[in-house]
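The chain contents come next:
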Amino acid sequence: MITIFIHNKPYQVREDQNLLNACLTLGFNLPYFCWHPALHSVGACRQCAVKLFKDEKDTRGKIVMSCMTPVTGGMRISIDDPEAKKFRSSVIEWFMLNHPHDCPVCDEGGECHLQDMTVMTGHTYRRTRFRKRTHRNQDLGPFVNHEMNRCIACYRCVRFYRDHAGGRDLTALSSHDSVYFGRHEDGALESEFSGNLVEICPTGVFTDKTLKRHYARKWDLQTAPSVCVHCGLGCNTMPGERYGTLRRILNRYNHAVNGYFLCDRGRFGYEFVNSVHRVRTPLYAAGGQGAQPVDKKTALDHIGDVLSRSKNIIGIGSPRASLESNFALLSLVGKNNFYSGMAKREHRLVSLIIDILQKGSARSPSLHEIETADAVLVLGEDVTNSAPLLDLAIRQAARNKPKASLNTLHIPSWDDGALRTVMQDETGPLYLATATVTKLDDLAAKTLHAAPDDIARLGFAVAHELDAGSPSVSGLQGDVLALAKEIAETLKQARKPLIISGTSLDNEEIIQAAANIAGALCKTGRPADLFYTLPECNSTGACLLADRSLEEALSATRFNKIDAVFILENDLYQRTGKKAVSDFLDGTEHVIVIDGFLNQTTSKAEVLLPGATCAESDGTFVNNEGRAQRFYQVFKPSENIQDSWKWIRDILTASERLGSLSWTTLDNIVRDMTDVVPILTPVRAIAPPADFRIAGAKIPRQPHRYSGRTAIMADRDVHEPKPPEDPDTPLSFSMEGYDGRPPASLISRYWSPGWNSVQALNKFQQEVGGMLCGGDPGMRLIEPAGKSAPYFKNVPDAFKSKQDAWLVFPLQHIYGSEELSMLSPDIAMRAAAPCCLLNPADALRIGVVKDETVELIMGGSPMQLTVALSDTVPAGTAGVPARLYATAQTTAALYAVIEKLKP
C-alpha cells in the first residue's frame, strides 16, 4: 500500500491501480464513461479529469485523466479544483451536442449513467441551437434495441463485444462526428453475450428489447437476489417484477462467479415465468376424466387419502428444483425411495465428478480464478453452448501469458489500450479437444476434433506424459501423440494450469482422463485446477441428496407394484426413453406431480400441484464447483402457487405425517436438511436467517421511489393493499425498510445517492472490481482431500467407424438445449433447427446432401432430422441435439442407424 493525498488528506491505496479506480474505491464521486472495471482503461472520453500537483507547494498543477494515471507514492490531486470541474463540464457538453435529450421516452431513463454523470459535472443548460446529427437505427435481433442517436462514442460497446467477448459482427464504423456503432447490415447480434451491451452502454443506445415489450420504469420494478437456472454455473441475477409479471433480468455482481456479465440465455430466458404453459391452479383428473381445476383443500385431501392407502411410495426429484424441495420430497417418501430425477448416465457422471472433486488433490476453481489461468486444456466441452460464462473466462485467461511476457515494457495491467496494441492477436496456450468445431477454436493454439473415446485417449496420454505412473495409451497416431507431449510440456511449465471437462459428451472416460491429468500435475508439484461443467442449476445438489437415478425408479415397478409416485419439477420425457417413461407412469396407480409447467409428464398426473418458479420462491442451488447459493422470491404469485417444499409440507400435514417436523419457515427446513445431510451444513450460513434485521427493519425489495401501489389493485379496490407478509426471509415486499447497504447475499438493487445506474455497484464493493463488502454470496461445500487419488485405468479403445451405424454424440446449443429457456419466445426464436450433423464423407455414403431430411433410429426411437455437414465431425459419428439425444437414449449402445428418406 502507498499513500496519496486527495484535497491534502492522506489515503492508503494499492500501488498497482490507476487513479480513477483508487478514487472510486475510496468513495469519491468522479465522473467517467469509457472506463469500466472489467474492460479497464483506454482514455477515450476525457471525462475523468482531475488536477495533479507536483508537491504541496505547487498551486497551479496540471489536468490529467485519472483513468490513465498510475498512482504513485506521495502524489497529490484535487477532484474539486475549479479548473478540473470546468474541464469536465466542457467535455460532457461536447458529448451532448448531438444527443437527442429524449430522457422522458428513453428506456434507460432513471437508470442512466449519462444522466448521473451530467448531474455530477453540473452540466444543466443546453446551448445548442442547430440541427443535430442523426443516424438510422438497426434491427439487432430479438434481444437488443438500438438507438444510435444517443451515442456519446465512449467505445465501451465494441471494447466489450469484440475485445472481451470475441464477437465480430459489431464494430465502429465511419469516423469523427459520423462514427457509428453497429453491424454492417441489419440482423441479430451473433454473440452469445450481446445482452451485456444493455448494462455496458452508459447511455440508452443499447437497451433490453424484451423489457420494451412490457415496459415499466426502473424505479417501479420490485427486485430480489436470485440465481440463474439455465445451466450449472450458478450466475447471480436480479429479476425485476411489476404487476405480477417478470419484466427483466439484470446481472447481480458476484466476484467469484459471474462478475459483471451474463450470457444471453441467462438474461433473456426469463419469460418462462410468464409462459402460457404455466400451471396456476391445482388440477385433479378423477375417475379417468380429464384434469379439472380444484381448490387446494380438495387436492390435498385426496393426496392424503392416497398416502393412507398406499404401501409402496417413491419420489422422483429434480436437478432444477431447490435443495429444500428435493429434501422435502426425500422426507415424504424416505431415503430408500427417493431418486435424483436424472437419467442413469447423467447421474453416474455427476456422481463421479463430485467424487473426484472430493477425493482428489485438484481444486475446482471459480470463474474468476479461471480468468487467472495461464494454460488451459478443454476436454470434450463446447463451453460456449454448455456453460457460456466459462467461454468469457477462458477468453480472459488466454491473454495472461502474452501479458506476462510484456512485463519488461512496464505497461500496467489496467492500461488496456496499450496492452492490446502491443499484443495484437497474440494469445496464450489454449488446447481444445472437442467432437466438432466450437466458437473458441480461433483462439486455440491447437485443436483436436475427434470421437469422444479418442478425446479421452488424448487426455490419458497427456496424463501419462506428465507421470509415467498414469496408464499408458497404446496405438496412438503420431500426430496425436505429439499433441499429447506438447500439451503435457505446456501444462508443466505453466504457473496456473487448468483442466476443463464435463458431462456434455456423455462420456465417463473423458471425465476420468481430466482427473488423471490434474492428479498428475499435482504430483509433479504443479498445483492444477480442475473444472467440470454440469448440465443444470442444481445437478450437484440433487446428487448430494440422492444416490439413485431415474431409470432405477422406472425399473422399480418390475419388482414391486408402485402405489404412488411423487414427481418434483421434472418432465421425465425430456430425460430418457419415452416408452420406458410411459410404461412406468401408466403402470403406477397414483401419479402426483408438483410442477410449474404443463408438459408430457404433467399430462399423466392424477393430481397436479402448481409449483412456484425460482422468481416466486426461496431456496438454495449448488453449482458445478460445489458453491451453495440462496435465491429469493421476487414477488408473491397467486395464492394457488407456492414453493414445492411448501406443497410437500401441506401434504405431510394433510396425511398426518408431519410428526415432529416444523416447517413453518425456510429456516426450519434448512435446519432439518443440514441435520440429516451433514455435507450441506454450510447452507445454514450462506444467508442471514428470516429474523435478521438492521436497525430493527427488513430489507426492502422495492426501491424508495417505487410508485403506483394503489393503482396496481385499483380495478379491485381503491384502498392501498397491505403488502404481503414474508416469514421466510429478511426481505420485505415494500419500499419500507433499511435504506443502507445490506449484506451481500441480500442486495436487491444497486443504488447510491447520485448513482442511479448499475454503476452504483462501485459503492457496494470493498474495492472497485473486487469482492462485495462483507464477501461474495454463497459458500463452497466441496473441497479436495489434498492427497493423491489413484489414477483411473480404463483407457478406451480407439474409435472405429461402423459400416451400418453411427456413433451418436449430443450437440449442445445455448438456445435450445435447456428446457425452461425454450418457453421464452425470444430464446425459441434463436434456437437452432434440429439437425443431424454429419461428416461430408458419411453423407456421400448414404446419398444425402445438406438440408435433406434423414431418419435416425437410436435406441428404437425414430426421429426425422435435417442434415447439416461439417468437415470437423469425425467420420462414423453423428451429432444430434442434446434434448433429442436424451429422450432417445436407452441402456443400449450409443449407436444409431441413419437412413435416407425414400421419396
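The structure we're discussing is the one just above.
Conventions used here
- Residues numbered from 1 in each chain as written.
- Predicted model: local features only at pLDDT ≥ 70, side-chain atom pairs only at ≥ 80, totals over all residues.
- Heavy atoms only, no water.
- Patch = residues over 30% accessible without salt bridge, like charges linked within 9 Å, V, L, I, M, F, W, Y side chains within 5 Å.
- Areas by Shrake-Rupley, 256 points an atom, 1.4 Å probe, with all protein chains shown as cover.
- Salt bridge = Lys/Arg side-chain N within 4 Å of Asp/Glu carboxyl O.
- Helix = DSSP H or I, 4+ residues; strand = E, 2+ residues; numbered from the N terminus.
- Buried < 20%, exposed > 50% of the residue type's maximum accessible area, 1.4 Å probe, protein only.
- Pairing = 2+ DSSP bridges.
- Axes fitted to C-alpha atoms, helices over the stretch in contact; angles between N-to-C directions.
- Contact = heavy atoms within 4.5 Å.
- Phe/Tyr/Trp six-rings, centres within 6.5 Å; stacked < 30°, edge-to-face > 60°.
- Lys NZ or Arg CZ within 6 Å of the ring centre and 35° of its normal.
- 1 Å grid on protein atoms, 1.4 Å probe; cavity = no way out; pocket = protein on both sides within 12 Å on 5 of 7 lines; lining within 4 Å.
- Points joined across faces, edges and corners; volume = space filled by probe spheres on them.
- Nonpolar A, V, L, I, M, F, W, Y, C, P; charged D, E, K, R; others polar.
- Core = buried A, V, L, I, M, F, W, Y, C linked by side-chain atoms within 4.5 Å.
- Lys, Arg positive; Asp, Glu negative; His and termini not counted.
- Polar contact = N/O pair within 3.5 Å; in protein donor to acceptor, adjacent residues only side chain to side chain.
- Right-handed = clockwise from strand over helix to strand, strands pointing away.
- Expected span 1.5 Å × (residues − 1).

1. Overview of a nonpolar patch on the surface
Move 1: Judged by side-chain polarity, Trp-94, Leu-97 and Phe-130 come together as a nonpolar surface patch covering roughly 310 Å² of accessible area.
Move 2: Within the secondary structure, Phe-130 sits in the loop between helix H3 (113-121) and strand S6 (144-146).
Move 3: Residue Phe-130 is classed as partly exposed on the basis of its relative accessible area, which comes to 48%.

2. Observations regarding the sheet that holds strand S21 (residues 497-502)
Move 1: In spatial order, the strands read S20-S19-S18-S21-S22; together these 5 strands make up an open sheet with parallel pairing. Pairing within the sheet leaves two strands with one partner each, and these edge strands are strand S20 (446-449) and strand S22 (529-533). The mean angle between the axes of side-by-side strands here comes to 10 degrees, regardless of whether they run parallel or antiparallel.
Move 2: Across the face of the sheet, helix H18 (residues 508-523) comes into contact with strand S18 (375-379), S21 and S22 while running at roughly 165 degrees to S21.

3. Describing the packing of aromatic side chains
Move 1: Tallied over the full model, the rule gives 15 aromatic pairs.
Move 2: Ring geometry for Tyr-11 and Phe-28: centres 5.4 Å apart, planes at 80 degrees, overall edge-to-face. Here Tyr-11 is found in strand S2 (residues 9-13), whereas its partner Phe-28 is found in the loop between helix H1 (19-25) and strand S3 (49-53), with 17 residues between them in sequence.
Move 3: Since its relative accessible area comes to 24%, Tyr-11 is described here as partly exposed.
Move 4: The exposure class assigned to Phe-28 is buried, which follows from its relative accessible area of 17%.
Move 5: In textbook terms, an aromatic cluster arises when at least three aromatic residues are bridged by ring pairs, as seen for Phe-160, Tyr-253, Tyr-260 and Phe-261.
Move 6: We note Arg-242 situated over the ring of Tyr-243; from NZ or CZ to the ring centre the distance is 4.7 Å.
Move 7: Of note, Arg-278 hangs over the ring of Phe-597, and the distance from its end group to the ring centre comes to 5.5 Å.

4. Looking at the sheet that holds strand S25 (residues 607-610)
Move 1: Taking strand neighbours across the sheet as the criterion, the 7 strands line up as S15-S14-S25-S24-S23-S16-S17 in an open arrangement whose pairing is mixed. The sheet terminates laterally at strand S15 (292-293) and strand S17 (338-339), the two strands that pair on one side only.
Move 2: By the bridge criterion, 2 bridges tie strand S14 (residues 283-284) to S15 in an arrangement that is antiparallel. Across the sheet, Leu-283 pairs through a bridge with Pro-293, a residue of S15.
Move 3: Along the sheet, helix H8 (residues 296-309) contacts S14, strand S16 (313-316), strand S23 (564-568), strand S24 (590-595) and S25; its crossing angle with S25, the most-contacted strand, is approximately 130 degrees.

5. Quick look at empty space enclosed by the protein
Move 1: Scanning all chains against the criterion turns up 10 cavities of 30 Å³ or more.
Move 2: Taken as a whole, the largest cavity spans an internal volume of roughly 250 Å³.
Move 3: Lining the largest cavity are 19 residues; nearest its centre among them are Glu-111, Lys-218, Arg-248, Arg-749 and Tyr-750.
Move 4: Class assignment for the residues of the lining of the largest cavity results in 8 nonpolar, 6 polar and 5 charged.
Move 5: Considered as a void within the structure, the second largest cavity measures approximately 190 Å³ in volume.
Move 6: In this structure, the second largest cavity is lined by 22 residues; those nearest its centre are Arg-320, Glu-569, Ala-612, Thr-613 and Cys-614.
Move 7: A breakdown of the residues in the lining of the second largest cavity according to their chemical character gives 10 nonpolar, 7 polar and 5 charged.

6. Here we look at the nonpolar core
Move 1: Counting 234 residues, the largest nonpolar core has Ile-517, Leu-530 and Phe-566 as its most contacted members.
Move 2: No other element matches the 10 residues that H18 contributes to this core.
Move 3: Filtering out sequence-adjacent residues up to four positions away, Ile-517 remains in contact with Leu-377, Leu-379, Gly-459, Val-462, Ala-463, Leu-466, Leu-491 and Ile-499.
Move 4: Ranked by size, the runner-up nonpolar core spans 23 residues in total, among them Ala-843, Val-854, Val-880 and Ala-896.

7. Focus on the side chain of Glu-818
Move 1: Locating Glu-818 in the fold gives a position in the loop between strand S31 (806-811) and helix H25 (825-830).
Move 2: For the buried Glu-818, no salt bridge exists, and the shortest N-O distance to an oppositely charged side chain is 5.1 Å, to Arg-265.
Move 3: Among the polar contacts made by the side chain of Glu-818, one reaches the side chain of His-230 at a distance of 3.0 Å.
Move 4: Only 2.6 Å separates the side chain of Glu-818 from the backbone nitrogen of Ser-821, close enough to count as a polar contact.

8. So, the pairing of S24
Move 1: Most of S24 is tucked away, with 6 of its 6 residues classed as buried.
Move 2: Burial along S24 is two-sided: the face carrying His-590, Ile-592 and Ile-594 and the face carrying Val-591, Val-593 and Asp-595 are both buried.
Move 3: Pairing of S23 with S24 involves 5 bridges; the strand directions are parallel. Looking at the pairing, Ile-567 lines up with Val-593 of S24.
Move 4: Where the polypeptide runs from S23 across helix H21 (residues 578-586) and back to S24, its parallel neighbour, the crossover connection is right-handed.
Move 5: With 4 bridges joining them, S24 and S25 adopt parallel strand pairing. Looking at the pairing, Val-593 lines up with Leu-608 of S25.

9. Points about unusual backbone geometry
Move 1: A positive phi angle is found at His-176, which is not glycine, with a value near 50 degrees.
Move 2: Turning to its location among the elements, His-176 is positioned in the loop between strand S7 (171-173) and strand S8 (180-182).
Move 3: Note on His-176: relative accessible area 76%, which makes it exposed.
Move 4: Of note in the backbone geometry, Asp-506 takes a positive phi value of approximately 55 degrees without being a glycine.
Move 5: Within the fold, Asp-506 resides in the loop between S21 and H18.

10. So, helix H16 (residues 452-466)
Move 1: Over its 15 residues, H16 runs 22 Å from end to end, which matches the ideal 21 Å to within 8%, given 1.5 Å per residue.
Move 2: Listed as buried for H16 are Pro-452, Ile-455, Ala-456, Arg-457, Leu-458, Gly-459, Phe-460, Ala-461, Val-462, Ala-463 and Leu-466.

11. Notes on the pattern of salt bridges
Move 1: Overall, the coordinates contain 55 salt bridges when judged by the stated rule.
Move 2: The residue Lys-359 makes a salt bridge to Asp-355 at a minimum N-O spacing of 2.9 Å. Here Lys-359 and its partner Asp-355 are both found in helix H10 (residues 344-359), 4 residues apart, which amounts to about one turn of the helix.
Move 3: When its relative accessible area of 49% is taken as the criterion, Lys-359 is described as partly exposed.

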